[in-house]
Amino acid sequence: MTSIATARLQSTGQTAEKSPGGTEILRVEGLKVHFPVTSTLLRRTLGTVKAVDGVDFTIAAGETLGLVGESGCGKSTTGLSILRLIEPTSGRVVFRGEDLTGLSKRSLRPYRREMQIVLQDPYSSLDPRMTVRSIVSEPLKVHRLYKGAARAERVDELLQLVGLQPEHASRYPHEFSGGQRQRISIARALALDPQLLVLDEPVSALDVSIQAQVVNLLERLQDELSLAYLFVAHDLSIVKHICDRVAVMYLGHIVETGTTDDVYKRPTHPYTQALLSAVPIPDPEHRGRKKRIVLQGDVPSPQNPPSGCPFRTRCWKAQDICAEEMPELIDRFGHGHPSACHFAAPPENGPAVPASVR
Amino acid sequence: MDISSEPQTPDRADTRLGAPLLSVRDLTTRLAVESGVVQAVRGVSWDIYPGEILGIVGESGSGKSVSVSSLLRLLPSPPAIVSGSVMYNGQDLLTLPERRMRRIRGQEISMIFQDPMTSFNPVKTIGSQISEAIRVHHRSVSRRAARARAIELLGMVGVPSPEGRYKQFPHEYSGGMRQRAMIAMAMANQPKLIIADEPTTALDVTIQAQVLEILQLAQRETNAAIVLITHDLGLIAELADRVLVMYAGKVVESAPVMELFRQPRHPYTLSLLGSLPRLDVELDHLVSIPGQPPSLTNPPPGCAFYLRCKMSDGRERCWQEEPALLSIGAGPRSAACHFSDEMDGLAQSVTETTGVDVRAGKE
């Protein structure tokens, strides 16, 4: 494991500046991803789904940024468009000083080595007809790295790194359980020594006991290889556990962001407050004592979002101004923890999440 | 099964709640598949009392859903072979003629499924399906009255403008709305028992909060007992009165909710609680349970959790002898572990040790 870490440091020519929370490696500015809705029959555009509608954030080397929100908020689209697996409509994705959005496919390729992705479903993200060895070595083949015996050795090393055995290399994905398949996906993502992993709901499809195995593995790998993670998830408890900073998304916008500790302890956007209050706490002592904010209705269609603040249709604080003016994502309390609400305020009934004594 | 003869919750049976509403004894389900016979449920016994919420928690493949589908006889046979007994109102549901079983399903015992998209008929309106559920069981109710009742029910579960929504098809409802409609249908005939199988798993957390409120409302309105099947210990903590923990087709622990979370008496329950990332507690690392559940085509002879258990420590008894679900102390608790008494007061340190092992890298 250490050999990989050292090898990586040598190959990238980097040394001390890779401390966690240090150098910024990714900067996303005004990212928008719009999908046209077309009618095949009439051959015309009926409208636009604004999946991501102006998102800004940065990630430093060795850091984990969590992107949380409910289905359809644009968190996965954001992750995919950073890697240009979905083309951004506008905005900038700056990776280590280079704007990736303008690059040709060919000049993008060296950056692809640095940024890899792990997808949610390890059943559909691994080709069932390929052995584990060919799955994990495919990125090496594409990028023409590690020839012959060295490549086989590299695959063995990667499998051990993620807690599998080199003997597993000759098997097929169906011979593995969900948790083990997710380890294979992680090994594949690490093959090229990336600096940033986009983790798109990497543990959502797994059972709790297996989920903990993969979460612990991701934490260990981050320590050993000083990886930066963009952790996309809907599960607020996991995000709290694994992320240094968090950005809460709603209908294509970031509505609140800050350190995980700050956002979870002092959420100031009503949506963040509602989201945190809705998570069931696995401790029966909190039953009835926890103030749950139950929101009315569903998330509006991103094809026809509300005017002004996207959350106003479900918000108990909404006033006239909310329909007229989109609130800016700014630091309203000088805490270094911006939120996009005209009426941002700390939770009214004490902390959003009760603390348990253990 | 030596446990099936003795009541697992003697004190509750005597005092607050009277006789059990439903008694499951030694329920066994085997599924014949290509690769052999899967012993999906391996001798499960439990009671549910009027008005209580019994939580059944377990991971995929633990047999929690199969066991309730078996007791309602919803599994096609073959491949399912079900044995044991399910006593309800003095009759065994497993031997009842299908015609009489149909009268119980949907009227006295109703069910809420995880995915309301597949449990509604896509080519009939939501309203007509709820009316039908009413009229199937009450022939004397006129179409008009059934319609009025269905609209009333839709309104009760918080479907906005229920008159208009009555005429819509399932695909015109959002996921949360469909689940509300499902609950409305489950309430329609004032059932004695509602079985909710992962009722909120497919939903987002803010929608889940809405549906849970409706589920609690349904219980207040009908005064039904609820069997809540879930993998989410958070839901169990918020809703259940009593909990069964299932693992590899068996109940490994049974306890009132507070005691289960405060002092689990089976190492699996303990590890499960330790493996949860928490909003309310700062954890340095999660306890990961090594390995994976055993294959139920060929279950191990001794304790099914043995290979993943940190407490067993290679002791012979664990892999040689299958632990029975035995009562603990005087209270209504039981656990299926040979060394359950070692967990007395040990909960904290066992969690810590297992946690340290995990960090060593041998997950």
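All values reported here derive from a predicted model rather than from experimental measurement.

### Side note on the overall build of chain B
Assigned secondary structure in chain B consists of 14 helices and 12 strands. Looking at chain B as a whole, 57% of its 363 residues qualify as buried. Taking as baseline every contact in chain B between residues at least 6 positions apart, the subset at least 24 positions apart corresponds to 65%. Surface summary for chain B: the accessible area is close to 15,000 Å², and the carbon and sulfur share equals 51%.

### Some thoughts on the overall build of chain A
Counting its regular elements, chain A contains 11 helices and 10 strands. In terms of C-alpha radius of gyration, chain A reaches 21 Å, essentially the compact-globule figure of 21 Å for 358 residues. With the principal axes as the frame, chain A shows a C-alpha extent of 70 × 60 × 45 Å. Pairs at least 24 apart in sequence give 65% of the contacts found in chain A among residues at least 6 apart. Summed over its atoms, the accessible surface of chain A is roughly 15,300 Å², and 50% of this surface lies on carbon and sulfur atoms. Mean positive and mean negative side-chain charge positions of chain A (42 and 40 charges, respectively) differ by 5 Å.

### Structural notes on the pattern of salt bridges
On inspection of all chains with the given rule, the structure shows 31 salt bridges over all chains. A salt bridge links Arg220(A) to Glu224(A), with the shortest nitrogen-to-oxygen separation between them at 3.5 Å. Placement of both Arg220(A) and Glu224(A) in helix H7 (residues 208–225) is noted, with a separation of four residues, approximately one turn of the helix. Classification of Arg220(A) by relative accessible area gives buried; the value is 10%. For the salt bridge of Glu132(B) with Lys124(B), the shortest nitrogen-to-oxygen distance reads 2.9 Å. Judged by relative accessible area, which is 37%, Glu132(B) ranks as partly exposed. Under the relative-accessibility criterion, Lys124(B) is labelled partly exposed at 34%. Among the ionic contacts, a cluster of salt bridges with common partners joins Glu24(A), Arg27(A), Glu29(A), Arg92(A) and Asp99(A).

### Here we look at the nonpolar core
Grouped together as the largest cluster of nonpolar side chains are 71 residues, with contacts concentrated most on Ile112(B), Ile130(B), Leu154(B), Ile183(B), Val243(B), Phe261(B) and Tyr268(B). Here this core gets eight residues from one element, more than from any other, and that element is helix H8 (residues 175–187) of chain B. Shared between two domains, this core takes at least three residues from each, and those domains are domain 1 (109–188) and domain 2 (261–359) of chain B. Those residues within four positions of Tyr268(B) in sequence are excluded, and the remaining contacts are Glu59(B), Val245(B), Met246(B), Tyr247(B), Val252(B), Ile289(B) and Phe305(B). Leu159(A), Ile186(A), Leu251(A) and Val279(A) belong to the second largest nonpolar core, which has 70 residues in total.

### Some details on the interface of chain B and chain A
Between chain B and chain A, the contact holds 52 residues from the first and 51 residues from the second. Of the roughly 4,500 Å² buried where chain B meets chain A, counting both sides, 52% is carbon and sulfur surface. Between chain B and chain A we count four salt bridges in total. In this assembly, chain B and chain A are joined by 22 residue pairs in polar contact (both at pLDDT 80 or more). Secondary-structure elements contributing two or more residues to the side of chain B that touches chain A are helix H9 (205–222), helix H10 (233–239), helix H11 (257–262), helix H12 (267–274) and helix H14 (347–359) of chain B. Ranked by the residues each element gives to the side of chain B that touches chain A, the list is headed by H9(B), at eight residues. Here the residues of the side of chain B that touches chain A are counted per class, giving 26 nonpolar, 12 polar and 14 charged.

### Here's the deal with the UniProt feature "domain: ABC transporter" (unreviewed entry) in chain A
In the numbering used here, UniProt assigns the "domain: ABC transporter" (unreviewed entry) feature to residues 26–276 of chain A. Between the end C-alpha atoms of residues 26–276 of chain A there is a gap of 28 Å, over a span that is 37% helix and 29% strand.

### So, the sheet that holds strand E7 (residues 193–197) of chain B
Residues and elements named next belong to chain B. Read from one edge of the open sheet, eight strands run E6-E7-E8-E3-E9-E10-E12-E11, paired in mixed fashion. Either end of the sheet is taken by a strand with one partner, and the two such strands are strand E6 (109–112) and strand E11 (326–328). Put simply, the sheet's adjacent strands are angled 25° from each other on average, direction ignored. By the bridge criterion, four bridges tie E6 to E7 in an arrangement that is parallel. The residue bridging Ile112 from the neighbouring strand is Ala196, located in E7. Contacts from H12 reach strand E9 (242–247) and strand E10 (250–256), with the element oriented near 100° to E9.

### Let's talk about the packing of helix H4 (residues 132–142) of chain A against helix H5 (residues 148–161) of chain A
How two helices pack is summed up by the angle between their axes together with the distance between the axes. All names here are of chain A. Where H4 contacts H5, the two axes come as close as 10 Å, and the packing angle between them is 115°. Here H4 runs over H5; the crossing is right-handed. Here Val132, Arg133, Val136, Ser137, Leu140 and Lys141 of H4 come into contact with H5, specifically with Arg151, Ala152, Arg154, Val155, Asp156, Leu158 and Leu159. Tallied by class, the residues present in the contact of H4 with H5 amount to seven nonpolar, one polar and five charged.

### A few points about the environment of Asp244(A)
Residue and element names in this part refer to chain A. Relative to the assigned elements, Asp244 resides in the loop between helix H8 (236–242) and strand E9 (245–250). A sequence separation of 187 residues divides Asp244 from Phe57, and the C-alpha atoms of the two residues are 13 Å apart. Sequence-distant contacts of Asp244, that is, excluding residues within four places in its chain, are made with Gly62, Glu63, Thr64, Thr259 and Thr260. Reaching out from Asp244, the side chain makes a polar contact with the backbone nitrogen of Thr64 at a distance of 2.9 Å.

### Here's the deal with the side chain of Lys240(A)
Turning to its location among the elements, Lys240(A) is positioned in helix H8. On the accessibility criterion, Lys240(A) (15% relative accessible area) is buried. In terms of polar contacts, Lys240(A) uses its side chain to reach the backbone carbonyl oxygen of Arg278(B), at 3.1 Å. Every residue in contact with Lys240(A), bar those within four places of it in the chain, is listed here: Thr260(A), Tyr264(A), Arg278(B), Leu279(B), Val281(B) and Glu282(B).

### Some details on the pairing of strand E4 (residues 80–88) of chain B
Residue and element names in this part refer to chain B. Strand direction decides the pairing type here: strand E1 (residues 22–33) and E4, joined by eight bridges, are antiparallel. Residue pairing for E4: Arg25 is matched across the bridge by Ser85. One ladder, built from two bridges, connects E4 with strand E5 (residues 91–92); its direction is antiparallel. Bridging from a neighbouring strand, Tyr88 pairs with Gln91 of E5. In this structure, the hairpin formed by E4 and E5 is closed by a connection of two residues, where Asn89 is found at a positive phi of approximately 55°.

### Quick word on H12(B)
Two residues of an α-helix separated by three or four positions point the same way, owing to the 3.6 residues in each turn. Most of H12(B) is tucked away, with eight of its eight residues classed as buried. All buried positions along H12(B) are accounted for by Pro267(B), Tyr268(B), Thr269(B), Leu270(B), Ser271(B), Leu272(B), Leu273(B) and Gly274(B).

### Here we look at the domain arrangement of chain A
Residue and element names in this part refer to chain A. Entries for chain A in the domain assignment read domain 1 (2–243) and domain 2 (270–358). For domain 1 versus domain 2, the separation of C-alpha centres amounts to 29 Å. Contacts between the two partners involve nine residues from domain 1, matched on the other side by eight residues from domain 2. When domain 1 packs against domain 2, the two sides together hide about 770 Å² of surface, and 63% of this comes from carbon and sulfur. Together, Val49, Glu70 and Leu236 form the three largest contributors to the area buried by domain 1 at its contact with domain 2, with a combined 52%.

### Focus: a positive patch on the surface
Residue and element names in this part refer to chain A. A cluster of like positive charges, contributed by Arg106, Arg109, Arg144 and Lys147, occupies part of the molecular surface. Here Arg106 is to be found in helix H3 (residues 105–114). By relative accessible area, Arg106 is classed as exposed at 74%.

Analysis parameters
- Residues numbered from 1 in each chain as written.
- Chains lettered and ligands numbered in written order.
- Predicted model: local features only at pLDDT ≥ 70, side-chain atom pairs only at ≥ 80, totals over all residues.
- Heavy atoms only, no water.
- Helix = DSSP H or I, 4+ residues; strand = E, 2+ residues; numbered from the N terminus.
- Buried < 20%, exposed > 50% of the residue type's maximum accessible area, 1.4 Å probe, protein only.
- Contact = heavy atoms within 4.5 Å.
- Areas by Shrake-Rupley, 256 points an atom, 1.4 Å probe, with all protein chains shown as cover.
- Rg over C-alpha atoms; globule rule 2.2 N^0.38 Å.
- Lys, Arg positive; Asp, Glu negative; His and termini not counted.
- Charge placed at Lys NZ, Arg CZ, Asp CG, Glu CD.
- Salt bridge = Lys/Arg side-chain N within 4 Å of Asp/Glu carboxyl O.
- Core = buried A, V, L, I, M, F, W, Y, C linked by side-chain atoms within 4.5 Å.
- Domains from an automatic or database assignment.
- Buried area = accessible area lost by both parts, 1.4 Å probe.
- Polar contact = N/O pair within 3.5 Å; in protein donor to acceptor, adjacent residues only side chain to side chain.
- Nonpolar A, V, L, I, M, F, W, Y, C, P; charged D, E, K, R; others polar.
- UniProt positions renumbered as here; feature names shortened; annotations may be inferred.
- Pairing = 2+ DSSP bridges.
- Axes fitted to C-alpha atoms, helices over the stretch in contact; angles between N-to-C directions.
- Left-handed = near helix turned anticlockwise from the far one by under 90°.
- Patch = residues over 30% accessible without salt bridge, like charges linked within 9 Å, V, L, I, M, F, W, Y side chains within 5 Å.

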